[in-house]
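# Structure at a glance
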Amino acid sequence: KDNFLFFFSGHGKEIAGHSYLAVTDTSFNTDGSINNAISLNKLNTIIKECKANLKIRFFDACQCGESFSKDLVSEFKMTKVMKKEFLEPGKGWITFCSCDIDEYSREIPKLKHGAFTYCLIEGLKGAARRGVGKMYIEDLKIYVCENVPVLVSDSSNPQNPQYQCEVEGNILIE
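In this text, all values refer to a predicted model and were calculated from it rather than measured experimentally.

This brings us to the packing of aromatic side chains. Using the criterion set out here, one finds 4 aromatic pairs in the structure. With a centroid separation of 6.4 Å and 50° between ring planes, the pair formed by Phe7 and Phe58 is classed as tilted. Taken as a pair, Phe7 in strand S1 (residues 3-9) and Phe58 in strand S5 (residues 54-60) lie far apart in primary sequence, 51 residues in all. Looking at Phe58, the relative accessible area reads 6%, which means it is buried. Through a chain of ring-to-ring contacts, three or more aromatic side chains come together here, namely Phe7, Phe58, Phe96 and Tyr163.

Encoded structure:
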């Protein structure tokens, strides 16, 4: 009856049909080798093996306005493969990811967070609550999905969070 929560904020990259999360010392090298990245496929396998009844995953990734590796120079948008792996379905899984295919997960320097993470935090602190009532996962989804596009408000580079839920009923998140 335990709950499992996974949160990642950083960079993501698809290489040769496989998606990776980049950590501080990750390098995607021009020769195709990868050092110290988290394979989304492997991560999903580990989460599937977890016996928790509810598994919630948050991914604020797929953005890189500038290179995070000295060996790689480009900008990264969400790809179809990455979105599929981010939103991997599984019984008891709820997943939020920060943007849709061909979009960037944008950072807001003055807020010191990505737009998605900022809205997620504000929502969890109570902004997603309907009046004085209880707050459910659907309330958080609505809040984040409505507020991220407004926060970035750049029609040439939109950001639309994505949500996947494989849970029956609604989950209270107070």
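With respect to topology, 3 strands assemble into an open sheet ordered S2-S3-S4, the strand pairing being antiparallel. Two strands close off the open sheet at either side, each with one partner strand: strand S2 (11-15) and strand S4 (34-39). Adjacent strand axes in the sheet meet at a mean angle of 50°, parallel and antiparallel pairs treated alike. Inspection of the sheet shows strand S3 (residues 18-28) paired to S4 by 5 bridges, in the antiparallel sense. Bridging from a neighbouring strand, Ser27 pairs with Asn35 of S4.

Model confidence for the protein is summarised by a mean pLDDT of 83, while 91% of its residues fall at 70 or above. The least confident element of the protein, judged by mean pLDDT, is helix H2 (residues 80-86) at 72; the most confident is helix H3 (residues 115-127) at 95.

With that settled, consider the pattern of salt bridges. Across all of its chains, the model carries 3 salt bridges by this definition. Note that Asp139 is salt-bridged to Arg130, the shortest N-O span being 2.6 Å. For Asp139, a relative accessible area of 6% corresponds to the buried category.

Attention shifts here to the pairing of S5. Judged by how many residues are buried, S5 sits mostly within the fold: 7 of 7 residues are covered. Burial along S5 is two-sided: Leu54, Ile56, Phe58 and Asp60 and Lys55, Arg57 and Phe59, pointing in opposite directions, are all buried. Bridge analysis of S1 against S5 gives 7 bridges, and the strand direction is parallel. From the neighbouring strand, Phe6 faces S5, where its bridge partner is Arg57. Of the strand pairs in this sheet, S5 and strand S6 (residues 93-97) are connected by 5 bridges, and their pairing is parallel.

Before going further, it helps to spend a moment on helix H1 (residues 40-49). Taken as a whole, H1 has its buried residues at Leu40, Leu43, Asn44 and Ile47. What you see down the axis of H1 is that its buried residues fit within an arc of 100°, all on one side. Exposed side chains of H1 directed beyond 90 degrees from the buried face belong to Lys42 and Glu49. Residue Ser39 occupies the N-cap position of H1, its side-chain oxygen lying 3.3 Å from the main-chain nitrogen of Asn41.

A word on the side chain of Thr26. Tracing the backbone shows Thr26 in strand S3. Overall, the relative accessible area of 4% leaves Thr26 in the buried class. A distance of 2.7 Å separates a polar atom in the side chain of Thr26 from the backbone nitrogen of Val23. Separated by 2.5 Å, the side chain of Thr26 and the backbone oxygen of Asn36 make a polar contact.

This next bit is on the sheet that holds strand S9 (residues 162-165). In spatial order, the strands read S1-S5-S6-S9; together these 4 strands make up an open sheet with mixed pairing. At either end of the open sheet lies a strand with only one pairing partner, and these are S1 and S9. Strand-to-strand twist across the sheet, computed as the mean angle between neighbouring axes with direction ignored, equals 5°. Relative to S5, H1 is tilted by about 160°, and along the sheet it contacts S1, S5 and S6.

Rules of the game
- Residues numbered from 1 in each chain as written.
- Predicted model: local features only at pLDDT ≥ 70, side-chain atom pairs only at ≥ 80, totals over all residues.
- Heavy atoms only, no water.
- Phe/Tyr/Trp six-rings, centres within 6.5 Å; stacked < 30°, edge-to-face > 60°.
- Helix = DSSP H or I, 4+ residues; strand = E, 2+ residues; numbered from the N terminus.
- Buried < 20%, exposed > 50% of the residue type's maximum accessible area, 1.4 Å probe, protein only.
- Pairing = 2+ DSSP bridges.
- Axes fitted to C-alpha atoms, helices over the stretch in contact; angles between N-to-C directions.
- pLDDT = per-residue confidence, 0-100.
- Salt bridge = Lys/Arg side-chain N within 4 Å of Asp/Glu carboxyl O.
- Arc of directions from axis to C-beta.
- Polar contact = N/O pair within 3.5 Å; in protein donor to acceptor, adjacent residues only side chain to side chain.
- Contact = heavy atoms within 4.5 Å.

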